[in-house]
Amino acid sequence: MKTNLFSLRSLSFLLFTILVSSCKLMHSELTLEHLGKDRTVIHAQLSSKYLLLPIEETAKESKMDISSDGKKVKAINIHLALNKVDYWVPLDLSEYAGKKVTIDIQPSADSALCWKKLKLSDSFDTSNKERFRPVYHHTPKYGWMNDPNGMVYLNGEYHLFYQYNPYGSMWGNMHWGHAVSKDLTHWNELSIAIAPDQLGTIFSGSCVIDKENTAGFGKNAMVAFYTSAGEHQVQSMAYSLDKGRTFTKYAKNPIIASTASDFRDPKVFWHEDTRKWIMVLAVGPDIQIYSSVNLKNWNLESSFGKGQGAHGGVWECPDLIQLPVDGNSNNKKWVLSCNLSQSGGSGTQYFIGNFDGKTFTNESKPEIIKWMDWGKDHYATVTWSNAPEGRHIALAWMVSTQYAGNVPTMQFRSSNSIPRDLSLYTQGQNIYLASTPSPEMISLRKGKKEVNAFKVEDTYNLNPLLDKNTGAFELNIGLKDISAEILGFKLFNSKGESVDFCLNETEHKFSMDRTKSGITNFSREFPAITSALVEKSESFSLRIFVDKASIECFGNGGKFVMTNLVFPSEPYNRISFYTKGGSYNVSLFTVYKLNLNNK
Ligand code: FRU
């Protein structure tokens, strides 16, 4: 039996030893061995940098164990092409150049198309192949991205780490990807910052700058906190002494262990009053608050959540920041935010109150629910640590968890929102959070079209909105002298696709209807109308940021905000104002082309 098996194996090995390199023709570099129906082993001894893996998104997932010189070095989950190739992803094997590498793939059909399509290459083409690739929003060059992570400012650089799958444009194999920017708008992609290890994949978290070297890693070390997602979710740390370019994992990870099933997304900050580090952690339907003097040993201080705000799913990616109320730095309040993903959609809610270094107290009635953004596509929001001039800058993953994996892009999925500066304002008995586009966004304005004030008694059309409209622009609209009950406008393209924006003065609502916005059929949840509650007002101002696949509306200086994705088959380039039950004046109407280049 043994001999038979052996000879069978060697026979199949011989039979299936095929040349699979299309970029480099080297017999010795790659051989395939199919072991039975469900297992394939690739034997490689590469001089090329990458093995390019063909992906079919709907193909069954396989596990790929990669070993070098007999030692397992990496394990990834992958959807190798069975019948068709959606795209390739690079497996960087340059570290093992010249060494014997085996890649054991299970399950894997021997008849799958992928075996014919494997390629060897020294480069991987990341040039944009997508019509819905944003012009000015951050996206990864390829692969899947979810939550923004570890955002921290250091020496003139904004660091943006993010949940990243380099092996497909679907969720999985979570790493921390990394990009840096000097101005929050131009992003430079760097290599992967933190990769999975024996404790698990790398879930969301935060970074701090350890200015006083409390952890002993070095003065001004960048210290990252993340969830290791293995058998359990536990908290780990890593540090960088070279401005985030390389991280060393702490030898004694995990720093906080648990057997709870949802125990993740540490956000750490320095609390000056108690001179301690504070960590907020999402634990099922609660936020746990921990403190530490050295970033390594943590004490549980309190929990917040029960009976507070919106529930209906787990809370994720919490944050706790302190902001002046109405710009008065003598009156500061604490804002605890968390992201909630439930069957009706996902969003960022927040609570305003007091924090004494141990406990957070919500100062509003517990049943009051406050949303940071009223659109469908604003999730996993957290703020930058150590931002200059006391700024609190937030960034959201710009998609809903309901259809994040189905949006009609392939080379990459998804993008982040534009950065937003946060502030607090009082309205009636309550304090609320306003989000305004970060001032850096102004520098993207390239070309301006201004229309003189006009009155809308019936309809008013502007066609075209812009000459040579690339689909990336900002609208600034001022509405005054309102006698209408309903005032609104639609953005159209020549295909009849449209988005309707409407202020209902009777119901105190601002809404956006994207049911006819373009491609909507990839998810039942996508064609939607979203609404925000707005205060009755004599006048309204709107700043609307449109990009290839998104619309972000900031009303009345960020007092109501709405972010929704759209997938029009060509840019919206016509606007039509309408009214019901009266008239209004459009006192300001300016359109700016937005571009990262100087054009
Ligand atoms: C939020 C989230 C986090 C988790 C991460 C995993 O979108 O579920 O709670 O850390 O994504 O990718």
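Remember, predicted model here, so these are calculated numbers, not experimental data.

Considerations on the overall build of the chain
Counting its secondary structure elements, the chain contains two helices and 43 strands. Relative to its length of 599 residues, the chain is compact, with a C-alpha radius of gyration of 26 Å against a globular reference of 25 Å. The C-alpha extent of the chain, read off along each of the three principal axes, is 90 × 60 × 40 Å. A buried classification covers 58% of the 599 residues belonging to the chain. Taking as baseline every contact in the chain between residues at least 6 positions apart, the subset at least 24 positions apart corresponds to 62%. Of note, the chain has its 64 positive side-chain charges centred 4 Å away from the centre of its 60 negative side-chain charges.

Here's the deal with the packing of aromatic side chains
Applying the stated criterion to the full structure yields 39 aromatic pairs. Relative to Phe360, the ring of Phe304 lies with its centre 5.0 Å away and its plane at 90°, an arrangement referred to as edge-to-face. In this pair, Phe304 is assigned in strand β20 (residues 299-304) and Phe360 in strand β24 (residues 360-362), connecting sequence segments 56 residues apart. The exposure classification of Phe304 matches that of Phe360, with both residues buried.

Topic: the sheet that holds strand β11 (residues 175-181)
Spatial strand order, β12-β11-β10-β9-β28: five strands in an open sheet with mixed pairing. Whereas interior strands pair on both sides, the edge strands pair on one side only; in this sheet they are β12 (188-194) and β28 (412-413).

Quick word on the site of the ligand
Taken together, Asn146, Asp147, Gln163, Trp171, Met174, Phe203, Ser204, Arg264, Asp265, Glu316 and Tyr379 form the complete shell of residues around the ligand. With respect to the ligand, the side chain of Asn146 contributes an N or O atom lying 3.0 Å from an oxygen atom. Here the ligand loses 92% of its free accessible area of 320 Å² to cover by the protein chains. When residues of the shell around the ligand are traced back to their parent elements, those giving at least two are β9 (143-154), β13 (201-210) and β17 (263-271). Here the residues of the shell around the ligand are counted per class, giving four nonpolar, three polar and four charged.

Description of the environment of Ala221
Relative to the assigned elements, Ala221 resides in strand β14 (residues 221-229). What makes Ala221 buried here is its relative accessible area of 1%. Through-space distance from the C-alpha of Ala221 to that of Asn463 is 54 Å; in sequence the pair is 242 residues apart.

A short note on the domain arrangement of the chain
The domain architecture assigned to the chain consists of domain 1 (21-121), domain 2 (143-437) and domain 3 (443-594). The centre of domain 1, based on its C-alpha atoms, is set 35 Å off from the matching centre of domain 2. Contacts between the two partners involve twelve residues from domain 1 and, on the opposite side, eight residues from domain 2. Of the roughly 870 Å² buried between domain 1 and domain 2 on both sides combined, carbon and sulfur atoms contribute 56%. On the domain 1 side of the interface with domain 2, the three residues burying the most area are Glu57, Ile76 and Tyr87, jointly 47% of the side's total. At the boundary of domain 1 and domain 2, one finds one salt bridge. Among the ionic pairs, Glu57 bridges to Arg413, the shortest N-O distance being 3.0 Å. Our count for the contact surface shared by domain 1 and domain 2 stands at four residue pairs in polar contact (both at pLDDT 80 or more). When residues of the side of domain 1 that touches domain 2 are traced back to their parent elements, those giving at least two are β5 (71-78) and β6 (87-92). In the side of domain 1 that touches domain 2, the residues fall into seven nonpolar, two polar and three charged.

Concerning the side chain of Ser302
Here Ser302 shows up in strand β20. Since its relative accessible area comes to 13%, Ser302 is described here as buried. Separated by 2.6 Å, the side chain of Ser302 and the backbone oxygen of Lys358 make a polar contact. In contact with Ser302, not counting residues within four places along its chain, are Ile287, Gln288, Ile289, Lys358 and Thr359.

Observations concerning the pairing of β14
A regular strand carries its side chains on alternate faces of the sheet. Burial analysis of β14 places nine of its nine residues in the buried class, the great majority of the element. The sheet contact formed by β13 and β14 spans eight bridges and is antiparallel. In the sheet register, Val208 faces β14, and the bridge partner there is Val223. When β14 meets strand β15 (residues 233-240), the two strands line up antiparallel, connected through eight bridges. Opposite Met222, over in β15, you have Ser240 as the bridge partner. Counting the residues in the hairpin turn of β14 and β15 gives three residues.

Conventions and cut-offs
- Residues numbered from 1 in each chain as written.
- Predicted model: local features only at pLDDT ≥ 70, side-chain atom pairs only at ≥ 80, totals over all residues.
- Heavy atoms only, no water.
- Helix = DSSP H or I, 4+ residues; strand = E, 2+ residues; numbered from the N terminus.
- Rg over C-alpha atoms; globule rule 2.2 N^0.38 Å.
- Buried < 20%, exposed > 50% of the residue type's maximum accessible area, 1.4 Å probe, protein only.
- Contact = heavy atoms within 4.5 Å.
- Lys, Arg positive; Asp, Glu negative; His and termini not counted.
- Charge placed at Lys NZ, Arg CZ, Asp CG, Glu CD.
- Phe/Tyr/Trp six-rings, centres within 6.5 Å; stacked < 30°, edge-to-face > 60°.
- Pairing = 2+ DSSP bridges.
- Near = heavy atom within 4 Å.
- Polar contact = N/O pair within 3.5 Å; in protein donor to acceptor, adjacent residues only side chain to side chain.
- Areas by Shrake-Rupley, 256 points an atom, 1.4 Å probe, with all protein chains shown as cover.
- Nonpolar A, V, L, I, M, F, W, Y, C, P; charged D, E, K, R; others polar.
- Domains from an automatic or database assignment.
- Buried area = accessible area lost by both parts, 1.4 Å probe.
- Salt bridge = Lys/Arg side-chain N within 4 Å of Asp/Glu carboxyl O.

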